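# Examining the three-dimensional arrangement
Chain residues, written in single-letter form:
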Amino acid sequence: MPSTPEWFIAQLRADIQALGAQGGILTPSVYDTAQVLRDAPPEDPRPAVEWLMRQQRPDGGWGSELMPLARHVPTLAAVLALRGTSDTQESRKAVEGGIEFFRRTAEAWAFDGPLPDDIPVAAELILPRLLEEAAAVGIELPQKPFLSLSALGTRRRGLIARMKHRAGTAPIHSFEAWGTEPDMNVLDGSKGVGNSPAATAHWLRLRRATVPPGTRELPAEVLGAEEFLRAAAEATGTGLPGVVPTVWPIVHYEQSWSLLALFSTGLLDHPGLRDVVRPQLEGLYRAVRPEGYGMSEFFVCDGDITSTCLAMLKETGHAVDGGLLQRYQLADGQFITYAHEMQPSVTTTAHGVMALAILGQDVSRQVRWLAEKRGADGLWRMDKWHASWLYSTSQVMLALCRAGATDVVRPAVEALLRSQHAEGGWGMARTPSLLETAYAVHALRALRNHGLFGPEVKRALQRAAGWMGAQKDVAPERQEMLWTGKELYRPFRLDRIFERSAMLALELDRDSLAE
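Residues numbered from 1 in each chain as written. Predicted model: local features only at pLDDT ≥ 70, side-chain atom pairs only at ≥ 80, totals over all residues. Heavy atoms only, no water.

Looking only at helices and strands, the protein chain has 20 helices and two strands in total. Relative to the 2.2 N^0.38 estimate, which gives 24 Å for 515 residues, the radius of gyration of the protein chain is 23 Å and therefore close to what a compact globule would have. Along the three orthogonal principal directions, the C-alpha set of the protein chain runs to about 75 × 55 × 45 Å. Here the protein chain, with 515 residues, has 59% of them falling under the buried criterion. Taking as baseline every contact in the protein chain between residues at least 6 positions apart, the subset at least 24 positions apart corresponds to 71%. (Helix = DSSP H or I, 4+ residues; strand = E, 2+ residues; numbered from the N terminus. Rg over C-alpha atoms; globule rule 2.2 N^0.38 Å. Buried < 20%, exposed > 50% of the residue type's maximum accessible area, 1.4 Å probe, protein only. Contact = heavy atoms within 4.5 Å.)

One can describe the packing of helix α17 (residues 434-445) onto helix α19 (residues 492-508) by two numbers: an axis separation of 9 Å at closest approach and a directional angle of 50°. By the angle between their directions, the pair α17 and α19 is classed as oblique. Between α17 and α19 the crossing geometry is left-handed. Contacts between α17 and α19 involve Leu434, Leu435, Ala438, Tyr439, Val441, His442 and Arg445 on the former and, on the latter, Asp495, Phe498, Glu499, Ser501, Ala502, Met503, Ala505 and Leu506. Of the residues contributing to the contact of α17 with α19, the split by class is 10 nonpolar, two polar and three charged. (Axes fitted to C-alpha atoms, helices over the stretch in contact; angles between N-to-C directions. Parallel < 35°, antiparallel > 145°, perpendicular 65-115°, else oblique. Left-handed = near helix turned anticlockwise from the far one by under 90°. Nonpolar A, V, L, I, M, F, W, Y, C, P; charged D, E, K, R; others polar.)

Contact geometry for helix α2 (residues 30-39) and helix α4 (residues 72-85): axes closest at 8 Å, N-to-C directions at 30°. Considered as vectors, α2 and α4 are oriented roughly parallel to each other. The two elements α2 and α4 meet at a crossing, and its hand is left-handed. When α2 is examined against α4, the residues Val30, Tyr31, Ala34, Gln35, Leu37 and Arg38 are found in contact with a partner set consisting of Val73, Pro74, Ala77, Ala78, Leu80, Ala81 and Thr85.

As a further point, take helix α9 (residues 220-234). Helical geometry: 3.6 residues make up each α-helical turn, so side chains three or four residues apart lie on a common side. For α9, spanning 15 residues, the distance from its first C-alpha to its last is 21 Å, which sits close to the expected 21 Å at 1.5 Å a residue. Among the residues of α9, Glu221, Val222, Gly224, Ala225, Glu226, Phe228, Leu229, Ala232 and Ala233 are the ones counted as buried. Along its buried surface, α9 packs onto α2 and α8 (197-208). (Expected span 1.5 Å × (residues − 1).)

There is about 1200 Å³ of room inside the largest pocket. If you trace the largest pocket, you find 50 residues lining it, with Ala170, Phe299, Val300, Tyr338 and Trp385 closest to the centre. Within the residue set of the lining of the largest pocket, elements represented by two or more residues are α6 (123-136), α7 (147-162), α10 (251-264), α12 (303-315) and β1 (483-484). Of the residues that constitute the lining of the largest pocket, the class distribution is 27 nonpolar, 11 polar and 12 charged. (1 Å grid on protein atoms, 1.4 Å probe; cavity = no way out; pocket = protein on both sides within 12 Å on 5 of 7 lines; lining within 4 Å. Points joined across faces, edges and corners; volume = space filled by probe spheres on them.)

Worth remembering: the numbers are spatial, not functional.
Here it is, written out as structure tokens:
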């Protein structure tokens, strides 16, 4: 029986070696599966329909209760998909439950002021479109709570209408919400549209409609889009045709964030991991484009992945071009993820701060911006890419430690310690989660060289080590989906590496924490 550190090293090695395989692996998506069933269903849709019905929650809705605003898109998409593909007693009951849930909870979108920054990706485009489609088939739903969202969507549609449509750009990711023609310019080298199964299925329906009946050989682009959807379904591991993830492929996203977890815990150069980490780092080094890095080679580069990649590569001795970060910086100190985005991200800015600090550049403007985004309780509670405040807070703390801004970090440390569950872990729900506890561990361990690593922090980490050790065999299905796309999802390898890097680091710290 291997010792505990050896067990974690073996598990980490397996996941690190597999990074990027199958385009990245993720949980299946209710929304995208529903859209595939509506626009480009597999030859036998019944298994996907049955899967979709199994995902319905006891309250009638679909999606995770951890993020109420992320439930209306998958719920309405599932209602429309089931209504159009199945007419069993069970499916009719599911549709009725989904409609009732939507009506009952629509007021969650009735904001007095501006919309929050953490609404799901493209919700301002997708949800108004789904509401229109529901009305067209006679489903009466509340409209007033969505007026602010629809207004934002109208602004977004105006921007998109003025843009030249280019494959692999951020607007193309939501092509299903606004595309009306099977524009060949939106197809990319993956044979799909916008790294999105839903967008690809919509494009495929539009393109199939232009193929004359009786055509013996389908156009290559139709066959390619069908192949994309099959490969995307395989990335979920369900084995069910038509059951797809919410974003795919994610090769560089999976690589970069997994390595970031090792970077945050000081494990990139661990002797037991070095030989499997190095090829991944070298792969990222070679994958740089003139604009930086994107989630895959087929998608536009973004400020978040570019920042993390440059930070890690610089720290590991690679020659990098810090000028790549300039295109993602705004005058107020904020870093953007994509051009023309309407909601800022504290974690994207945090990763920009980390990269600039490692490159030896001034980060005072960026630190001030992050400090202004901190809540009254000392935490950073809202981010557009992740549902958990533990992720956003941890990433900001890690960046500010790199920048030497310990005065901004101190209140967050105190708040983080206060929020630890009695069991020893952390989490938004009543019980702790392994992934969220890992985020807290990453942040607290980073305090070692900044005068904040006192006895209280040590005790908190000791308690976390005890709780995490008892959770190491928890099945992924029982763990939260916390990353925010068009709905919440879990990138399996990436999250496991966040969890196991924290657990290994605590095992390696065991003696020093006891001192």
